[in-house]
Amino acid sequence: MSTAAVIRIKPYFYVHVLDNNTNVTRVEVGPQTFTRQDHEKLVSGPDAMIMVPPRHYCIIQNPVQRDSKGNVLRDSAGQIKNRHGDEEVRFEQEPFPLYPGEKLFGKVSPLQVVAPNTALKLRATRDLTYKGTKYIAGDEWLFKGPNTYVPQVEVQVVEIVQARVIKPLQALRLRAKKQFIDANNVLRKAGEEYLNKDIGAYIPNVDEEVTETVNAYVLTEKKALALRAKQTFTDNFGKLRKAGEEWLVTIKDAESHIPDISEQVVGEVPVTILSSREYCVIIDPVVDGKHLLGTRELRKGEVSFFLKPGEKLEAGIQKVHVLESEEALLLRARELYADKTETRRPGDRWMIYGPCDYVPPVQVEIIEKR
C-alpha cells in the first residue's frame with residue numbers, strides 16, 4: 001500500500017481510497033494517474049482486477065447490491081451497499097474490481113464437467129427454483145452427465161455418484177431411504193427392497209441405496225435351484241407363494257434365475273439319474289404340488305429327476321435284484337398288498353424264486369436272499 005500523493009494505476013488495476021472527511025471508501029480504476037488529497041488515504045491497492053476466463057467462475061463474499069440495470073447501490077452518505085453474509089457466483093465477463101467489503105472466496109476455478117455415467121449429488125441450502133423445479137432447503141437431487149455444472153450459491157455439491165454397471169445375469173439390490181417414485185414410475189416406501197435387472201449403467205437415485213449386486217444362478221439339465229419364500233408373494237412365473245413354502249426352479253422354467261427379494265436360496269439340487277437296472281424309494285413324495293407325508297413312492301429307471309424340497313431317498317439308489325435259477329428272496333409285507341397270485345396281509349412272508357429280476361414294491365420288504 002503506497003503513501004505517495006501521486007499513484008499511477010495500471011490498466012486492469014484498482015485502488016480503494018478512504019475519504020477521511022466522510023469516512024466513505026470509493027474505488028478508483030486504472031488506467032489513470034491518481035493524485036491523493038490530504039484528507040484521503042489509500043487503504044488497499046493497487047490490486048489486479050478479477051479476471052474470469054471462459055468456462056470459469058468465482059465466488060464473491062459480501063457482494064454489492066445492484067439495481068435492475070446493474071448499477072451499484074449506495075446509501076445516503078455515498079457508501080456502497082453490501083449483502084453482508086451472502087455470496088454471489090460470477091462467470092465469464094470483463095475484468096472487474098472488488099468494491100469495499102467484497103472478498104474473493106477461494107480462487108477463480110474452471111466449471112465442473114460431469115463425465116458420462118456419473119452424476120453430482122446436489123443439496124439445496126435454501127429454497128430455490130432449479131431448472132423449473134422448486135426445491136426447499138434440504139432437498140437433494142442428481143445432476144447427471146455428460147454435462148457442465150453451473151454452480152449456484154443456493155446449491156451445495158455433496159458428492160460425485162458413480163454409475164453401477166449391471167452385466168447380463170446380474171441385478172442390483174436396492175433399498176429405498178424414503179418414500180419416492182423410482183425410475184420405472186413405481187412408488188417405493190421407506191425401507192422397501194427391490195431389484196433392478198436392466199442391463200447397462202445405472203445411477204442410483206438420491207432416495208435409494210445399493211445394498212449388493214446379485215448374481216444369477218445358471219440352471220442346467222443336471223442342476224436345479226431350491227427356494228424358500230420369506231413372505232407371501234407372486235414369483236416371476238406368476239405363481240402365488242406363501243411364506244415358508246419351498247419349491248424348485250429347473251431349466252424347464254428358465255435357463256437362469258436371479259432370486260427375488262422375497263426368495264431365499266436353500267441350495268442347489270443335483271439331478272438323480274436311474275439306469276435301467278436301478279431303482280429308488282422316495283420318502284414323503286410331492287404329488288401334484290402336495291406333500292404326502294408318511295408315504296413312500298417307488299421310481300424305476302431309466303429316468304432322471306430332481307428331489308423336490310422335503311423329499312429324500314430311503315436307502316439311496318439301489319440295484320435291481322437279479323435271481324438265478326437256484327436263488328430266492330424271502331419277502332415280508334409291510335402293509336396290505338395284492339400281488340399277481342393272492343392278497344398279502346401285513347407281516348405275511350413268502351418266497352420268490354429265480355431266475356428273474358425283482359424290484360420290491362413299497363408295500364414289501366426283503367428279509368434275506370437265499
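Here, the structure is the one placed above.
In what follows, the accompanying structure is described. All of these numbers come straight from a predicted model, not from anything done at the bench. (Residues numbered from 1 in each chain as written. Predicted model: local features only at pLDDT ≥ 70, side-chain atom pairs only at ≥ 80, totals over all residues. Heavy atoms only, no water.)

### Re the pattern of salt bridges
What counts here: When a carboxyl oxygen of Asp or Glu is within 4 Å of a side-chain nitrogen of Lys or Arg, the pair counts as a salt bridge. For every residue, the accessible area (1.4 Å probe, protein chains only) is compared with the maximum for its type, and the residue is labelled buried under 20%, exposed over 50%, or partly exposed between those bounds.
One pass over the full model with this rule turns up 30 salt bridges. A salt bridge links Asp86 to Arg83; its shortest N-O distance comes to 2.7 Å. You can call Asp86 buried: its relative accessible area is 18%. Residue classification places Arg83 among the partly exposed positions, given a relative accessible area of 27%. In this structure, Glu245 and Arg241 form a salt bridge, with 3.2 Å as the shortest nitrogen-oxygen distance. For Glu245, a relative accessible area of 28% gives the class partly exposed. Residues joined in a network through salt bridges with shared partners are Arg83, Asp86, Glu88, Arg90, Glu102 and Arg126.

### Brief notes about unusual backbone geometry
Our working rule: A helix here means a DSSP run of H or I that spans at least four residues, while a strand means a run of E at least two residues long, and both kinds are numbered starting from the N terminus.
The omega torsion across Gly30 and Pro31 is 5 degrees, close enough to zero to call that bond cis. Mapping Pro31 onto the fold places it in the loop between strand E3 (24-29) and strand E4 (32-35). Between Gly145 and the following residue, Pro146, the backbone shows a cis peptide bond with an omega angle of 0 degrees. Position of Pro146 relative to the elements: it lies in the loop between strand E15 (140-144) and strand E16 (147-149). Phi angles above zero are rare outside glycine, and Tyr12 is one such case at about 60 degrees. Secondary-structure assignment places Tyr12 in the loop between strand E1 (6-9) and strand E2 (13-19). Tyr12 sits in the partly exposed class, given a relative accessible area of 45%. Of note, Arg55 is a non-glycine position whose phi angle comes to about 60 degrees, a positive value. Inspection of the secondary structure puts Arg55 in the loop between strand E6 (50-52) and strand E7 (56-61). Since its relative accessible area comes to 47%, Arg55 is described here as partly exposed.

### Details of the layout of surface pockets
Put simply, the rule reads: Cavity: a set of points on a 1 Å grid over the protein atoms alone where a 1.4 Å probe fits but cannot get out. Pocket: an open set with protein on both sides within 12 Å along at least five of seven lines, its lining residues, like those of a cavity, having an atom within 4 Å of a point. Grid points are joined across faces, edges and corners, and a volume is the space filled by probe spheres set on the points. Ten residues, namely Ala, Val, Leu, Ile, Met, Phe, Trp, Tyr, Cys and Pro, are considered nonpolar, four, namely Asp, Glu, Lys and Arg, are considered charged, and the remaining ones, Gly among them, are considered polar.
Within this model, the largest pocket holds a volume of roughly 720 Å³. Forming the walls of the largest pocket are 27 residues, and the residues nearest its centre are Leu248, Thr250, Asp253, Phe306 and Lys308. For the lining of the largest pocket, the secondary-structure elements that each account for two or more residues are strand E29 (246-249), strand E35 (290-291) and strand E37 (303-305). Looking at the lining of the largest pocket, the element that brings in the most residues is E29, giving four residues. Taken together, the residues of the lining of the largest pocket break down into 11 nonpolar, four polar and 12 charged. Empty space within the second largest pocket amounts to approximately 310 Å³. Along its surface, the second largest pocket is lined by 17 residues, and Leu142, Phe180, Asn205, Val206 and Asp207 are the ones closest to its centre.

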